[in-house]
Amino acid sequence: MGNCQVCCKNFWCHSKNTNVRISLPAVCFLWQIAMIILFGAFVRYNEESDAHWPDYKKEHNITSDSENDFYFRYASFQDVHVMIFVGFGFLMTFLKRYSFSAVGFNFLIAAFGIQWALLMQGWFHSLDPTDGFIKIGVENIINADFCVAGCLIAFGACLGKVSPVQLMVMTLFGVTLFAVEEYIILNIIHAKDAGGSMTIHTFGGYFGLVISWVLYRPNLHQSKRLQGSHYHSDVFAMIGTLFLWMFWPSFNSAIANHGDGQHRAVINTYLALASSVVTAIAISSLSHRRGKLDMVHVQNATLAGGVAMGTAAEFMIMPYGSLIVGFCCGILSTFGYLVLTPFLEKHMKIQDTCGIHNLHAMPGLLGGVIGAITAATASKSVYGHEGLVNTFNFVDEFANRSVGTQGAHQAAGLCVALIFALGGGALVGGILKLPLWGDPEDCNCFDDEVYWELPEDEESIPAIIEYNNQMDSKRFDMVESNTLTVST
Amino acid sequence: MGNCQVCCKNFWCHSKNTNVRISLPAVCFLWQIAMIILFGAFVRYNEESDAHWPDYKKEHNITSDSENDFYFRYASFQDVHVMIFVGFGFLMTFLKRYSFSAVGFNFLIAAFGIQWALLMQGWFHSLDPTDGFIKIGVENIINADFCVAGCLIAFGACLGKVSPVQLMVMTLFGVTLFAVEEYIILNIIHAKDAGGSMTIHTFGGYFGLVISWVLYRPNLHQSKRLQGSHYHSDVFAMIGTLFLWMFWPSFNSAIANHGDGQHRAVINTYLALASSVVTAIAISSLSHRRGKLDMVHVQNATLAGGVAMGTAAEFMIMPYGSLIVGFCCGILSTFGYLVLTPFLEKHMKIQDTCGIHNLHAMPGLLGGVIGAITAATASKSVYGHEGLVNTFNFVDEFANRSVGTQGAHQAAGLCVALIFALGGGALVGGILKLPLWGDPEDCNCFDDEVYWELPEDEESIPAIIEYNNQMDSKRFDMVESNTLTVST
Amino acid sequence: MGNCQVCCKNFWCHSKNTNVRISLPAVCFLWQIAMIILFGAFVRYNEESDAHWPDYKKEHNITSDSENDFYFRYASFQDVHVMIFVGFGFLMTFLKRYSFSAVGFNFLIAAFGIQWALLMQGWFHSLDPTDGFIKIGVENIINADFCVAGCLIAFGACLGKVSPVQLMVMTLFGVTLFAVEEYIILNIIHAKDAGGSMTIHTFGGYFGLVISWVLYRPNLHQSKRLQGSHYHSDVFAMIGTLFLWMFWPSFNSAIANHGDGQHRAVINTYLALASSVVTAIAISSLSHRRGKLDMVHVQNATLAGGVAMGTAAEFMIMPYGSLIVGFCCGILSTFGYLVLTPFLEKHMKIQDTCGIHNLHAMPGLLGGVIGAITAATASKSVYGHEGLVNTFNFVDEFANRSVGTQGAHQAAGLCVALIFALGGGALVGGILKLPLWGDPEDCNCFDDEVYWELPEDEESIPAIIEYNNQMDSKRFDMVESNTLTVST
C-alpha cells in the first residue's frame, strides 16, 4: 500500500542530511558574484548590438537595419530558448512527484549555465583581440543556450537522484568542458555541427551517463513507489515533448548559414522528426502484447530524428535522406527504451532516469556518423562550387580541404566529443560523489518533498484514508461500548 | 456510481477486438516506407533552400540573404506549427480520460499527414516541369501543416470513437482530397483563401461531420461516464485554446503576400479574435440560469473569429469589419454549442465530440461568404490599382477579371469545398466503417485505456474506495462476531 | 477540516448576489458594440498594412518588402502576445480552485482591453492629422498588448476577490488612464521606456494595489481554505512563469529602435533575468529552516529582473550592469514575498493575492530609477554621437537636451506613473466598491464555482467522503439494530 510506504519513508529515511540551506545559497551567491565580476572585466556588446551600429553601418555600406544578424536569428533564438526552459523542463515532469524539481532545477541550472557559457564560449570564439573584450550578440546567446542544453541532457540521467547543489557543480564543469570540446571540434578540427549532434547530444548524453554510473545507487528500488508517472504528469511531459519537437527545426538552423543554410536545415529537421514519430509509435505498439502505446516512447523516441539531424541538417542530405534518418532513429530509440535502458541498469550499473541514452547519446552518435558520411560524399555537382565552399566553410587555411578529408575530420570530431564526455563524466562524477552536496537517500529519491515546500492539500488522498481510519476507530469505540451497555 | 460503471465496463465490454498490434505498426511502416520511396523519386529542395542559392542570387540580382522567402515566413511557420501540434492536440485534452489519445494521436496523424501533404500539394503546386521534381521550401511546409489541419479538424468530430488505424486511413484520404480540392479552388477557380476558411475549415469541418454521421453509434451513452471533462483536463485544454487563439494571426497571414498582405492579415485576424472572445463569453453567461460561464464555450467559441477571417484576412475588410465578423461568430458559435450540437446528435445522428460544427464548419462557411462579399465589393479607390492586382493576383490569364467575377468565383470555391467535404466524408466514412480497424466498443469510447498503457496509480480514487470497502467488510465481520460473543 | 468548511460555505455564504447573468452580457455587448462604432469612425490601416503599400514603396524608394516594419517586429509581437495570454493567464492559475477564472478572465479582459487600447493609444500616437483617422500597424497592436499588461498586473492584486464585471470596468478605466499617462511620459516629458518599467509595471502595480486597498476585505480569512495552491496548479503556474521569463527579452525589445536598439534590449533583458533566477532561488532556500525552496518565489521573483530592465534595456547599461540589476531584483523581490506581502496585508490593509508589489511595483520603481541613472550618465564616448541621438531620440525640439536633463525627465516620468497609479487606483477602486457588480462574499473568494459551471467529478474527493459517510450511517443503523435484536 502506498500509504504504508509513506510511513516507512518517514521513519527510516533520515540518515543523510539533505539540508541545503547553507550550501545552495552559498553556491548561488558565490557564482553569481563571480559572473558579475567576470562580465565586468570581459564582456561588451558586439558591433551589431552596440550603440555605434549607425557608424558601423556607414563604414560597411550597410543600407538597411534588416542586415543586422539579429533579424536573421532572433525568431530562431526564441524557439531555442523555449526548448531549453519549457522543452527540457517539462519533458522531465513525467515523474509523479518530481515535477517541481524537474521544472525548477532545470530553470536554475539553465539560468546559471547560460551566463558561464557566454564567458567560456566567448573566450574561445568572440574575443576581440584589439581590446581583449568578449563581444556578444544574438549568436552568442543562442550558443549559450546550446551549451546549457548539454548539461540539461546530463541532468536527465541524474533526475531525481541529485541535489540542486550537485546540479550547479555539474553545470559549472559541464559548461567548461563543453566550451573546450566545442572549440576543438569546430575551430581546430573544423568539423561542421550546426545542430550539435556531436557537441551537444553525444557529449551531453555520455557525460550524463558516466556521471550516473559513478553515482550508482544499489538500493534505488527503495524509491520505486515514486519512479513512475501519473496520468496528469504524463500530459505535462507532453508539453515538453511537443515544444522540443516543434522547435527542433529552429534548433538545428539557428546558427546555420544565412539564406539556404538555415532554410535547408529547417526542412531536413522537419522531415526527420515527422518520420521518427511514425516509426517510434509503430515499434511502441508492436512491443506490447495488446498493441497498446507507451507514453515513454511517445514522449522521447519521437524526438530522436531531430537529434540525429544535428550535424547533417545544413548539408544536401536530400529530403528522402532526412526521412530515412528519422525512420531509423525512431526505431532505434524505441528499442533503446525497451531493451537497452533495462540492460544498462541491470548489467552496467547505469541508472538513466529519462533514458537519455536512447534520446540523445545514441542518436547523437548516429548523427555524427551521418554527418561524416554526408560530408565525405558531397560533390560540386550537388552543391555547386560556391555552395560547397559556403556550406563547409572551405576558406582561409581550409580552402584546399577535400570533402573526403572533411568527412574524416567530422569523424574525428565525434571522437573528441566522446572522449570529453567519458573523461569529463568520470571527473565530474567523482567530484559529485563527495559527501558534501546534500543529495537524497536511496529511499528518498524522485521526491519533491526533499527540496521543496509542498502545498498541504497535496496529501489529500492519504488524508482521506487517515480521516476514514480515525472515524472508524471512533466508531469502533462507540460500537463496542454500545454493545456492552446493551448486553449488560 | 462511477465505481460501479468501471466494473460493468470490465465485465461486459470486450466483444470487439481493439488490439492494433499488427494493424497499427503495419500501416505506419508501410506508409512511411512509401513516403521515403516517393520522396526519393520526387522531392528536392527549391532554389531558396538549395546549396545553389548563391548562384541563384547572382543570376537574379538579389543582394541580400534577407530576400530569401525563409525570412518572410519562418516565424509564422513556427506559430502555425505550434497551432497544429500543441493547439489542436491540447484543445482536445478536455475529456477526463482521453488526454493521451488526444495529444498522441494528433501527433501521429499530423506527423504522417505533413509528409503525404508535401507530396500531394507538391504535385499540384510545386512541380518543376524542367526535371519533374517537386521543389520544396518554407511555403511548402506551411501548406503541409495547413493541409493536416483539415484532418485534425475532422479528428475532432470523431474524438474518442475511432482507433489510431482509422485515423491514419482518414488522414491518407483526407490529405488527398484536400490537395485536389485546394488545387481546384486556388488554381482553377482562382479564388483567394490565405487562411483557409473554405479549403481548411469548411472542408475539414463537414468532412469530419459526415464521417461522424456514417460512424454513428446508437449506444454511445454507454460511455457517458467518460464524456465529460475534469477540472485539470479543462485547464490543459485552455493551453490548446490559447495557443490557437494567439497564433491565429500567423495562420491567416503565413502564406499571404509579402509586405502589406501579411501585415493586414495579422491585424484583421487579431481584431476578429478579440471581438469573438467578448461575445462568446457574453452569450455563455446569458445562457446559464445564474450567469455562470461554460468552459466549452471559452475553449472553442472564442476562436470562431479567426476561422471566419480565413478568406478575407488579406482583403481591405477594414478594422471595424473584422470586429463585426468576430462579433457575429462569437455569438453564432456559442449558440451552436448550446443548441445545434444537441440537435445534430438527437435528430441528425451526428455525434460531434468537439463541436467542430460550431468552431470550424459554420464559421468556415461564413468566412467563405464574407470573403466573396468583400472581394465583390473591392474597388480601386480602396486598394489602389496595384494593390488590387496584388491582393487578388489579377495577372496572366486573370488580368481582366473584375471584382464582381472574383466574388462569384469565391462563392464557387466555397461550393467546391462543401462538395468535396460531403462526398469525401461519405466515401471515407464508408471505408472506416469496415470492421477491420480495431475501433472501440460503444461502452468503451473516450477511454485511453483501450490504446494506451496507463500509469498504475491513476486508479487511486477507485483504489481508495476499494480499500475502504475491504476494510469495511472486515470490520463488519469483526463487529458481527464481536456482538455475538458479547450477547451470548 | 476542509469538508466541514465546504458545508459552512454552503449554509452561510449566500447573502451577496453573484449572479452576473444580466450585467456581464450587458457590459460585454455594450462595449463591443461601442468598439465597432468607434473603430468604424476612427480606425484604418497605416501605410504599411494598407493595400496602397506598393505605391508607398515607390514614393519612398523602398526596394524590398523586408523594410516593412512588420518584419522587424512581428516575431516579437507574437512573443508578447504569448506573455499576455498564456504568461499572465497561467501565472495566476496557482490557486487550487481558481484556474478557470485566472485563465478565463485574463482572456476576457485582455481581449476587450486591446481593442480599447488601440483606440486610446491611437488617438494619442497614431492619429493622422490629414484625415482624422487612427492608422494602425504592427507597432499599435504591440502597444495595445502592452497597455493591457498594466491591467492584467492590477488583476493580479485582486485575483479571486472580484467579479468579471468589475474586471471589465477596471480594464476600461485602466486602459484609459494608461494611455494618458503613457502619452505624458513618452511624448510630453519625452522619457524613454521601451519595456515599460514605469508606464506598465509601476503604473499597473500601484494601480492594482490601491484598488485592492480600497476593496479591503476584513473577513477574507473565511476563504483561507482556497487560498493555497495544489501540486498540479503550481505546475500549471510554471507554464505562465516560463513563458513570461523566456519572452521577456521580446517584451523589452519589441518597440525599441530597429537594429542595435532591439538587439541590445534583448541581451540586457536576457542577462538580468538569468541573474535574478539565481538570487531568487538563493534567498528562497536561505529563508526556509531546512533550505527548502518555495514555488511562490520561483514562480514570481525570478521574473523581477525583466521588470527592472524595462526602461534601461535599450541603453548602454553594459552586460555586467544587467547582471547587477537582476542580482538585486531577485533578492529584493523574494524578500518582498517573505516580508512585505504579510506586512502589507496586516498593517496596511492591502491584500495582494499574487504579490504584484514584489514582482511588478517595486522592481518597476527600481527600473525607473535605474533608467534615470543610466540616462544621466550616458556619454558620447560610450554611445557615439549618432548612437546617443538615436537611443534617446534627441531630435526636433529635443535636439539640444543633455543627458543630465534626460535623466531628470526620466525621474519625472516615474513620478507621473506613480501619481496616475495612486490617483487612478483610488478612483477606480471607489467605483468598483459600489454594490452593483456581483462580487463574491468574503467566504466565497478564490472559488471558480461562483462564476463557472464546474465539471461534476471535480467533487470526487468530497464525494468519496460523502459516500463513505452514507455507507457508515447505514452500517450504524444495521449494527445498532443488529445488536439490539441480539441483545433482547
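Residues numbered from 1 in each chain as written. Chains lettered and ligands numbered in written order. Predicted model: local features only at pLDDT ≥ 70, side-chain atom pairs only at ≥ 80, totals over all residues. Heavy atoms only, no water.

J.: What is the right way to look at empty space enclosed by the protein in this model?
T.: Empty space among the atoms becomes apparent when a probe as large as a water molecule is rolled across them. Summed over all chains, the structure comprises 12 cavities of 30 Å³ or more. Space inside the largest cavity adds up to approximately 400 Å³. Along its surface, the largest cavity is lined by 25 residues, and Y71 and A75 of chain A, Y71 of chain B together with Y71 and A75 of chain C are the ones closest to its centre. Residue assignment for the lining of the largest cavity shows that the elements contributing at least two residues are α4 (69-91) of chain A, α4 (69-91) of chain B together with α4 (69-91) of chain C. Among the residues forming the lining of the largest cavity, the class breakdown is 15 nonpolar, 8 polar and 2 charged. Space inside the second largest cavity adds up to approximately 190 Å³. Around the second largest cavity sit 19 residues that line it, and D79 and F247 of chain A, D79 of chain B together with D79 and F247 of chain C are the ones nearest its centre. Elements supplying a minimum of two residues to the lining of the second largest cavity: α4 and α9 (231-253) of chain A, α4 and α9 (231-253) of chain B together with α4 and α9 (231-253) of chain C. Sorting elements by how many residues they give to the lining of the second largest cavity places α4 of chain B first, with 5 residues. When its residues are assigned to classes, the lining of the second largest cavity shows 13 nonpolar, 3 polar and 3 charged. (1 Å grid on protein atoms, 1.4 Å probe; cavity = no way out; pocket = protein on both sides within 12 Å on 5 of 7 lines; lining within 4 Å. Points joined across faces, edges and corners; volume = space filled by probe spheres on them. Helix = DSSP H or I, 4+ residues; strand = E, 2+ residues; numbered from the N terminus. Nonpolar A, V, L, I, M, F, W, Y, C, P; charged D, E, K, R; others polar.)

J.: Would you explain the packing of α9 of chain B against helix α10 (residues 260-286) of chain B in this entry?
T.: When two helices pack together, their arrangement is captured by the angle between the axes and the distance separating the axes. All names here are of chain B. Viewed as axis vectors pointing N to C, α9 and α10 meet at an angle of 145°, and their least axial separation amounts to 8 Å. Pair α9 / α10 crosses with right-handed handedness. Across from W245, W248, P249, N252 and S253 in α9, the residues of α10 making contact are Q262, A265, V266, T269, Y270, L273, A274 and V277. (Axes fitted to C-alpha atoms, helices over the stretch in contact; angles between N-to-C directions. Left-handed = near helix turned anticlockwise from the far one by under 90°. Contact = heavy atoms within 4.5 Å.)

J.: For this particular structure, what's the right way to read the side chain of T311 of chain C?
T.: Along the polypeptide, T311 of chain C turns up in the loop between α12 (304-308) and α13 (319-347). In this structure, T311 of chain C is in contact with K192, D193, S197, M198, G367, G368, G371 and Q410 of chain C, ignoring residues within four places of it in sequence.

J.: Explain unusual backbone geometry to me, please; I cannot follow it from the model alone.
T.: A negative phi angle is the norm for most residues apart from glycine, just as the trans form is the norm for most peptide bonds. One non-glycine residue, M318 of chain A, lies in positive phi territory at about 75°. Note that M318 of chain A resides in the loop between α12 (304-308) and α13 (319-347).

J.: Can you help me understand the pattern of salt bridges in this one?
T.: It is possible for side chains bearing opposite charge to pair when their charged atoms get close. All names here are of chain A. In the structure shown here, the tally under the stated rule is 33 salt bridges over all chains. One salt bridge in this structure joins D439 and R217, with 3.5 Å as the shortest N-O distance. On the criterion of sequence distance, the pair formed by D439 in the loop between α17 (403-433) and α18 (460-487) and R217 in the loop between α8 (197-214) and α9 is long-range, its members being 222 residues apart. Take D439 and R217: they sit in the same class, and that class is buried. Each of K16, R217, D439 and D442 takes part in a single network of salt bridges with overlapping partners. (Salt bridge = Lys/Arg side-chain N within 4 Å of Asp/Glu carboxyl O. Buried < 20%, exposed > 50% of the residue type's maximum accessible area, 1.4 Å probe, protein only.)

J.: Would you explain a nonpolar patch on the surface in this entry?
T.: Residues and elements named next belong to chain A. A cluster of nonpolar side chains, F335, L338 and V339, forms an exposed patch at the surface whose accessible area comes to about 250 Å². Structurally, F335 is set in helix α13. Relative accessible area serves as the criterion here: at 42%, F335 is assigned to the partly exposed category. (Patch = residues over 30% accessible without salt bridge, like charges linked within 9 Å, V, L, I, M, F, W, Y side chains within 5 Å. Areas by Shrake-Rupley, 256 points an atom, 1.4 Å probe, with all protein chains shown as cover.)

J.: Any chance you could explain the relation of the copies chain C and chain A here in plain terms?
T.: What relates the pair of chain copies is a rotation about an axis plus a shift along that axis. The two copies are related by a screw operation: chain C maps onto chain A through 120° of rotation and 0.0 Å of translation along the axis, at an RMSD of 0.0 Å. Both copies are brought into coincidence by an operation consistent with a three-fold rotation axis. No C-alpha of chain C lies nearer the rotation axis than that of A75 of chain C, which sits 3.5 Å from it. A distinct binding surface is used by each copy, with only 16% of the interface residues of chain C retained as interface residues in chain A. (Least-squares fit on C-alpha atoms with pLDDT ≥ 70 in both.)

J.: It is not clear to me how the pairing of strand β3 (residues 133-136) of chain B should be interpreted in this structure. Could you clarify?
T.: Regular strands place their side chains on alternate faces of the sheet. Residue and element names in this part refer to chain B. Bridge analysis of strand β1 (residues 43-45) against β3 gives 3 bridges, and the strand direction is parallel. Each bridged residue has a counterpart across the sheet, and for V43 the counterpart in β3 is I134. Relative to β3, strand β2 (residues 127-128) runs antiparallel, the two being bridged by 2 bridges. The residue of β3 that forms the bridge with D128 is F133. (Pairing = 2+ DSSP bridges.)

J.: In this structure, what is going on with the packing of aromatic side chains? I would like to understand it.
T.: In this description, an aromatic ring pair is defined by two values, namely the gap between the centres and the angle between the planes. Under the definition given, this model contains 87 aromatic pairs over all chains. A ring pair is formed by F315 of chain B and F392 of chain B, whose centres lie 4.8 Å apart and whose planes are at 40°; its orientation type is tilted. One end of the pair, F315 of chain B, is in the loop between α12 (304-308) and α13 (319-347); the other, F392 of chain B, is in helix α16 (residues 385-392), with 77 residues separating them in the sequence. Sitting over the ring of F133 of chain B, R44 of chain B keeps its end group 4.2 Å from the ring centre. Directly above the aromatic system of Y231 of chain B lies the positively charged group of R97 of chain C, at a separation of 5.5 Å from the ring centroid. (Phe/Tyr/Trp six-rings, centres within 6.5 Å; stacked < 30°, edge-to-face > 60°. Lys NZ or Arg CZ within 6 Å of the ring centre and 35° of its normal.)

J.: When you look at the state of the cysteines in this model, what are you seeing that I'm missing?
T.: Simply put, the disulfide is a covalent bond whose two ends are the sulfur atoms of two cysteines. Taken as a whole, this structure holds 0 disulfides over all chains when the rule is applied. Summary of cysteine pairing: C147 of chain B is not part of a disulfide, and the nearest cysteine sulfur, belonging to C151 of chain B, is at 6.0 Å. Residue classification places C147 of chain B among the buried positions, given a relative accessible area of 0%. Free of any disulfide, C158 of chain C has its nearest neighbouring cysteine sulfur in C354 of chain C, separated by 9.5 Å. On the basis of relative accessible area, C158 of chain C is assigned to the buried category, the value being 3%. (Disulfide = S-S within 2.5 Å.)

J.: When you look at the sheet that holds strand β3 (residues 133-136) of chain A in this model, what are you seeing that I'm missing?
T.: Sheet strands pair by backbone hydrogen bonding; their relative direction is either parallel or antiparallel. Residues and elements named next belong to chain A. In space, the 3 strands of this open sheet follow the order β1-β3-β2, with mixed pairing throughout. Two strands in the sheet have a free side with no partner beyond their single neighbour: β1 (43-45) and β2 (127-128). Most of the contacts of helix α5 (residues 99-125) go to β3, to which it runs at about 105°, and overall it touches β1, β2 and β3.

J.: Any chance you could explain the interface of chain B and chain A here in plain terms?
T.: Many descriptions give the size of an interface as the accessible area lost when the pieces come together. Contact residues are listed per partner, giving 88 residues for chain B and 88 residues for chain A. Summing the contributions of chain B and of chain A, the shared interface buries around 7,500 Å²; its carbon and sulfur component is 72%. It is R21, Y45 and F107 of chain B in chain B that bury the most area against chain A; as a group they hold 10% of the surface buried on that side. Applying the counting rule to chain B against chain A returns 1 salt bridge. A salt bridge links E386 of chain A to K58 of chain B; its shortest N-O distance comes to 2.5 Å. Along the lines of polarity and charge, the residues of the side of chain B that touches chain A split into 50 nonpolar, 22 polar and 16 charged. (Buried area = accessible area lost by both parts, 1.4 Å probe.)

J.: Honestly, α16 of chain B in this entry has me stumped. Any pointers?
T.: Note on helix geometry: an α-helix contains 3.6 residues per turn, so any two residues three or four positions apart are oriented the same way. All names here are of chain B. If you check which residues of α16 are buried, you get G387, L388, T391 and F392. Down the axis of α16, the sector holding all buried residues measures 105°, keeping them to one side. Considering only its buried residues, α16 is in contact with α10, α14 (356-376), α15 (380-383) and α17 (403-433). Once α16 ends, the next one or two residues include N393, with phi positive near 55°. (Arc of directions from axis to C-beta.)

J.: Honestly, the layout of surface pockets in this entry has me stumped. Any pointers?
T.: Residue and element names in this part refer to chain B. In this structure, the second largest pocket spans a volume of roughly 1,400 Å³. Forming the walls of the second largest pocket are 47 residues, and the residues nearest its centre are H125, S126, E139, N143 and N187. Of all the secondary structure elements, the ones that give two or more residues to the lining of the second largest pocket are β1, α3 (53-59), α4, α5 (99-125), β3, α6 (138-158) and α7 (164-188). Here the lining of the second largest pocket gets 4 residues from one element, more than from any other, and that element is α6. Residues that form the lining of the second largest pocket fall into these classes: 15 nonpolar, 14 polar and 18 charged.

J.: Any chance you could explain the interface of chain C and chain A here in plain terms?
T.: Opposite the 89 residues of chain C that make contact, chain A presents 89 residues. Buried surface at the junction of chain C and chain A, summed over both partners, amounts to about 7,500 Å²; 72% is from carbon and sulfur atoms. Three residues, Y231, H263 and Y270 of chain C, lead the burial of chain C against chain A; their summed loss comes to 12% of the area buried on that side. The interface formed by chain C and chain A holds 1 salt bridge in total. Remark: the boundary between chain C and chain A carries 27 residue pairs in polar contact (both at pLDDT 80 or more). Secondary-structure elements contributing two or more residues to the side of chain C that touches chain A are α4, α9, α10 (260-286), α11 (295-300), α13, α15 (380-383), α16 (385-392) and α18 (460-487) of chain C. Top element by residues in the side of chain C that touches chain A is α10 of chain C. It accounts for 19 residues. Within the side of chain C that touches chain A, the residues separate by chemical class into 46 nonpolar, 29 polar and 14 charged. (Polar contact = N/O pair within 3.5 Å; in protein donor to acceptor, adjacent residues only side chain to side chain.)

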